[in-house]
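Residues per chain are reported as follows:
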Amino acid sequence: MNDTRFDVLVVGGGGAGCSAALHLAQRGTRVALLERGLVGGQASGVNYGGVRQQGRNPAELPIARRSRELWGRMKELAGTEAEFTVTGHLKLARNDAEEANLVAYLDVAKQHGLPLRMVGRNAIHVEYPWLGPQVVAGSFAPEDGSANPRLLAPALARAAQDAGATVLERTEVEHYAHDGTLFRLRTVDGREFTAPVLLNMAGFWGGRIAEAFGEPVPVKPLSPNMMVTEPLDYFIEPNLGVVGGNVYLRQIPRGNVIIGAGHGENDPGQPGQVPWSRPVPEVTMEGARLAIALVPALEGVQIIRSWTGIDGNMPDKIPVIGPSSTTPGLFHAFGFSGHGFQLGPAIGAIMTELVLDGHTDIPLEAFRITRFAEAAA
Amino acid sequence: MKVAVVGAGPAGVRAVEALLAAGIRPVWIDEAMDGGGRIYQRPPTGMRRDARTLYGFEAARATALHAALDAAKPRADWRPETLAWNIRPGRQQLHTLSAGTHGVVEYDAAILCTGAMDRVVPVKGWTLPGVTTMGGAQIALKSQGCGIGQRVAFLGSGPLLWLVAYQYAKAGAQVAAVLDTTPFAAKAAAAPGMLRGPATFAKGLYYIGWLRAHGVRIAEGVTPLAIEGEGSVSGIRWRDAKGAEHHADCDAVGIGWGLKPEAQLADLAGVPFNFDALQHNWVPRRDAAGRTPVGGIYLAGDGSGIGGAEVAELAGARAALALLEDAGRKVETAALDRRLEKLARFRSALEKAFPFPAHLAAGLPDDAIFCRCENLTVGELRATTAGPQIPAPEVNRAKAISRAGMGRCQGRVCGAAAAEILAARLGCGVAEVGRLRGQAPVKPIPLTAPPLVTTP
Amino acid sequence: MKLARLRDTDRPPLHLELEGRAIAAMEGDTLLTALLAGGAGHLRESEFGDGARAGFCLMGACQDCWVSVEGLGRVRACATLAKDGMKVRRG
């Protein structure tokens, strides 16, 4: 069958995988995106929706800067802004040590051209009178904001289709092989796909693909514990975070407040099984406590839904991005450790450059897959 | 052995009774103040109507159930006004909220008797004050002594349509019209099977006959067009089977097309669901005794598939016996199983007589609101198949794109209709578009920071 | 929406307040009954512009009858008993 042979196979239909399929198809590549469930079903679709640059590991900032540029023209790229709104991101300090952390990051931001403005002890409660008394300072990133994660991956997938990519949902790959020339992928329902290039963009499950090609990595499943309130009058404009990241929240213009804090439970399953993940009630309650401390007006507001999904978490909290060390034609981009949503669009562009141009201007050294083996050696 | 029973309707009462008889004292959770469930809901103290006035033909059954409820309460660990908002099957914990206090109930086995609510099809104008579910109209009268208006129209199908209209007329309300979306022919064709039902069919005929005899306007095989009014209901418009339009003045409308399980806890417990084509409902998977594929979780009553109050009582007792049997006790179930089987045959005839009018949901105009919470139109849901996203092949992606089912009720009101609208647009069967996944909390809970209290 | 009191109309009276306006009710009323039989007309406004709402299911499922009671916070009007002296706000 002709339509099982492609130039590039992308495994994993998150935001990054869908963006890769789109960018490859735009450059005329015969690409197929293979997604076990539905696109955007896990970390990419159920995350908090932060489009945030500030606070990132410095190694990620060049990617985040490039991605921010893509977010700015998402409508042109994906046919929708996916509700991307530039509200600014306000990162809050709740004590002196946290404030020092914010101050220290100003230099990092400056080196990467990321605009940041410190909001000091006097100004913070004047500018944001709804913040709780424990907040002592903040750092405001005016270019940051948020978007609707449920909309992004399905829109990128649609745009990829329109550009000529083959998008196959409910297509779970069970067996991976490389015959020296071609990757041969077999699905749980017996279909086979081949291509000379394979992009591993499968989130937590990307670890299994890497392992299948002889380069295991210490990736673990991660399930951010999320909840949303009933709609309230709109008053929290910026996307809010804290130093340390134990709570984050934002309000959408419709009025609902989305709160993330802590982690739920999960079982990523074996091939053929449906993975599950669920919020943990005690974690939800603790998140409520932290959110109320940050924004006291939230007390008594009704929580109407909670959820989580599964992402891949790396021990050093930054993803694996770049070529395989074992198999020519294999490229990885997975393990975004709970903060890949903003990066997804650029990751697709970068992977496309790696595949089609053999190089990218974005420094990827920090993300090499061999770093864990090197550390152990 | 720690056993939890959720729900104190007919199924919950008989389950607890059977557990108590076996020497087990369950934690017994119910959202209402006084238990009793919906069908036999008791008015708050101070009301004086007798059981005959309140429950009609069901008075004896209601009285017996209330006696069993009152006898069981002091013997069980009875927790009224308590919401079980989550269940964590891995830890065997139920999460509760009662008067602002959070709690955790640990269980070795749990019987979920979570009941049902009205199954509704949106109608243009159904969000106007004055429109309630059929069950809501009945609760207003039964439990509160009130009609939902002075001049009330009823729209829907199923036994409750005729019963509630009859109860309203008897109580002195003006019944503006009884509008049945089921053609007479469908009911007539199913009549032979319904005769198996002990007295239910005869009761139904009695109500219809009584309403006709008292000159109440009745129409069958109707297509609802709109509930009209500015700020509150002033009338209802429909099309008859021959295509002619009609109108009736009214200040309230009760709507309902049978019932659907309130199975959110079973869903959160990880019980898989099947589409029951006859009921036209998604129902949690269980065997005839109420066992589910999830260890320690048993289901009974309408929350496990609509069977009605009589079945619920038997199923509640049966689930408790299954639990005891699985715990190694010797139990006798043959007689109970035979009665359940007989009633199931009658149920099947009833469902055929009052099929869910999927075509009405599918045929709604684009500008009709289908999701009350989020104020979403049918057109917005249909648009999920047309981009800019990859088309929604099932309801959860349609939810992700359109927000259908993302409001306070989490799709329990609009979910069934949303699936019909989507399936019709995609040209597939309604079972193929799936169902909205359950997410905690089962009902909204306040964002507060009280300590958790664990009780064994 | 105006509920019509048809039965059990001889109960002791209760007095509530809805946004400063006196509401005459009866013992045994739910908040929903007290307000909608007492002339409130509606219980909340749709956040998204579809006008007034007055509950729908009356059994705690549809979440369309939320009101605020002083000292109690937000409650479902259909599932909360009215008490003498309650001060209620819509929504």
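From a predicted model like this one, the values you see are computed outputs, not experimental measurements.

Glancing now at the overall build of chain B. Within chain B, the secondary structure is distributed over 14 helices and 25 strands. A principal-axis box enclosing the C-alpha atoms of chain B has dimensions of 65 × 55 × 40 Å. A burial count over chain B gives 58% of its 456 residues as buried. Contacts in chain B between residues at least 24 apart in sequence constitute 67% of all its contacts with a sequence separation of at least 6.

The partner chain C presents 39 residues to the 48 residues of chain B that form the contact. When residues of the side of chain B that touches chain C are traced back to their parent elements, those giving at least two are strand 8 (116-118), strand 9 (131-133), helix 4 (134-144) and strand 10 (146-147) of chain B. Broken down by element, the residue count for the side of chain B that touches chain C peaks at six residues, all from helix 4 of chain B. When grouped by side-chain class, the residues that make up the side of chain B that touches chain C number 20 nonpolar, 17 polar and eleven charged. Pairing of strand 10 of chain B with strand 1 (residues 4-5) of chain C, which is carried by two bridges, proceeds in the antiparallel orientation. The residue of strand 1 of chain C that forms the bridge with Cys146 of chain B is Arg5 of chain C.

Take the UniProt feature "domain: FAD dependent oxidoreductase" (unreviewed entry) in chain A next. Under the present numbering, the feature "domain: FAD dependent oxidoreductase" (unreviewed entry) in UniProt falls on residues 7-354 of chain A. A helix fraction of 29% and a strand fraction of 27% characterise residues 7-354 of chain A, whose end C-alpha atoms lie 14 Å from each other.

A separate point is the sheet that holds strand 8 (residues 87-90) of chain C. All names here are of chain C. Taken together, five strands build an open sheet; the order of strands is 3-2-8-6-7 and the sheet is mixed. Since the sheet does not close on itself, it has two edges, and those belong to strand 3 (21-26) and strand 7 (73-76), each with one partner. Neighbouring strand axes in the sheet, compared pairwise and without regard to direction, differ in orientation by 40° on average. Two elements, strand 6 (residues 66-69) and strand 8, share three bridges in a ladder whose sense is antiparallel. Along strand 8, the bridge assignment pairs Val67 with Arg90.

For the rest of this paragraph, the subject is the sheet that holds strand 11 (residues 192-195) of chain A. Residue and element names in this part refer to chain A. Sheet architecture is open: three strands sit in the order 9-10-11, paired in antiparallel fashion. Two strands lie at the open edges of the sheet, namely strand 9 (173-178) and strand 11, each paired on one side alone. Neighbouring strand axes in the sheet, compared pairwise and without regard to direction, differ in orientation by 20° on average. By the bridge criterion, four bridges tie strand 10 (residues 183-187) to strand 11 in an arrangement that is antiparallel. What sits directly across from Arg184, in strand 11, is Thr194.

Residue placement: Leu156 of chain A occurs in helix 7 (residues 149-162). Each C-alpha atom, one on Leu156 of chain A and one on Pro253 of chain A, is 23 Å from the other, the two residues being 97 residues apart in sequence.

For the rest of this paragraph, the subject is the nonpolar core. Membership of the largest hydrophobic core comes to 190 residues, with the highest contact counts inside it found for Leu9 and Ala21 of chain A. Look past the residues within four positions of Leu9 of chain A in its chain and what remains in contact with it is Ala32, Leu34, Phe183, Leu185, Phe193, Ala195 and Leu198 of chain A. By size, the runner-up hydrophobic cluster in this structure holds 109 residues, among which are Leu116 of chain A together with Val16, Ile87 and Tyr298 of chain B.

For the rest of this paragraph, the subject is the domain arrangement of chain B. Under the domain assignment used here, chain B contains domain 1 (3-117 + 260-351), domain 2 (121-257) and domain 3 (358-433). Using C-alpha coordinates to define each centre, domain 1 of chain B is positioned 31 Å away from domain 3 of chain B.

Turning our attention to helix 10 (residues 334-353) of chain B. All names here are of chain B. With 20 residues, helix 10 should reach 28 Å at 1.5 Å per residue; the first-to-last C-alpha distance of 30 Å fits that figure. Of all the residues in helix 10, the buried ones are Leu340, Leu343, Phe346, Arg347, Leu350, Glu351 and Ala353. Mapping the buried residues of helix 10 onto a view down its axis gives an arc of 145°, with all of them on the same face. Exposed positions of helix 10 whose direction lies more than 90 degrees from the buried face are Ala334, Arg338, Glu341 and Arg345.

All names here are of chain B. Running from amino to carboxyl end, helix 1 (residues 10-21) crosses helix 9 (residues 309-326) at an angle of 30°, the nearest separation of the two axes being 7 Å. The two elements helix 1 and helix 9 meet at a crossing, and its hand is right-handed. Seen from helix 1, the contacting residues are Pro10, Ala11, Gly12, Val13, Arg14, Ala15, Ala18 and Leu19; seen from helix 9, they are Ala309, Ala312, Glu313, Ala315, Gly316, Ala317, Ala319, Ala320 and Leu321. Its residues assigned to classes, the contact of helix 1 with helix 9 shows 13 nonpolar, two polar and two charged.

The next subject is the environment of Glu69 of chain A. All names here are of chain A. Tracing the sequence through the fold places Glu69 in helix 3 (residues 61-71). Taking the C-beta count within 10 Å as the criterion, Glu69 has 11 such neighbours and is therefore assigned exposed. Sequence separation of Glu69 and Ala20 is 49 residues, and the distance between their C-alpha atoms is 16 Å.

Let us look at the environment of Gly269 of chain A. Residues and elements named next belong to chain A. Mapped onto the elements of the fold, Gly269 is located in the loop between strand 18 (265-267) and strand 19 (276-278). With 14 C-beta atoms counted inside 10 Å, the residue Gly269 sits in the partly exposed group. For the pair Gly269 and Trp205, spaced 64 residues apart in sequence, the C-alpha to C-alpha distance is 9.7 Å. The residues touching Gly269, leaving out its near neighbours within four places in the chain, are Val274 and Pro275.

This part covers the pairing of strand 6 (residues 101-106) of chain B. Residues and elements named next belong to chain B. Pairing between strand 5 (residues 93-98) and strand 6: six bridges, direction antiparallel. Bridge pairing in strand 6 places Gln93 opposite Glu106. Between strand 5 and strand 6, which pair antiparallel in sequence order, lie two residues; one of them, Ala99, sits at a positive phi of approximately 50°.

All names here are of chain A. Looking at chain A, the domain boundaries give domain 1 (2-49 + 150-218 + 315-376) and domain 2 (86-143 + 221-313). A straight line from the C-alpha centre of domain 1 to that of domain 2 covers 28 Å. Residue assignment for the side of domain 1 that touches domain 2 shows that the elements contributing at least two residues are helix 2 (43-46) and helix 8 (206-212). Looking at the side of domain 1 that touches domain 2 element by element, the count peaks at three residues for helix 2. Class assignment of the residues belonging to the side of domain 1 that touches domain 2 gives a composition of eight nonpolar, ten polar and two charged.

Definitions and limits used
- Residues numbered from 1 in each chain as written.
- Chains lettered and ligands numbered in written order.
- Predicted model: local features only at pLDDT ≥ 70, side-chain atom pairs only at ≥ 80, totals over all residues.
- Helix = DSSP H or I, 4+ residues; strand = E, 2+ residues; numbered from the N terminus.
- Buried ≥ 20, exposed ≤ 12 C-beta atoms within 10 Å, placed from the backbone.
- Contact = placed C-beta atoms within 7 Å.
- Nonpolar A, V, L, I, M, F, W, Y, C, P; charged D, E, K, R; others polar.
- Pairing = 2+ DSSP bridges.
- UniProt positions renumbered as here; feature names shortened; annotations may be inferred.
- Axes fitted to C-alpha atoms, helices over the stretch in contact; angles between N-to-C directions.
- Core = buried A, V, L, I, M, F, W, Y, C linked by C-beta atoms within 7 Å.
- Domains from an automatic or database assignment.
- Expected span 1.5 Å × (residues − 1).
- Arc of directions from axis to C-beta.
- Left-handed = near helix turned anticlockwise from the far one by under 90°.

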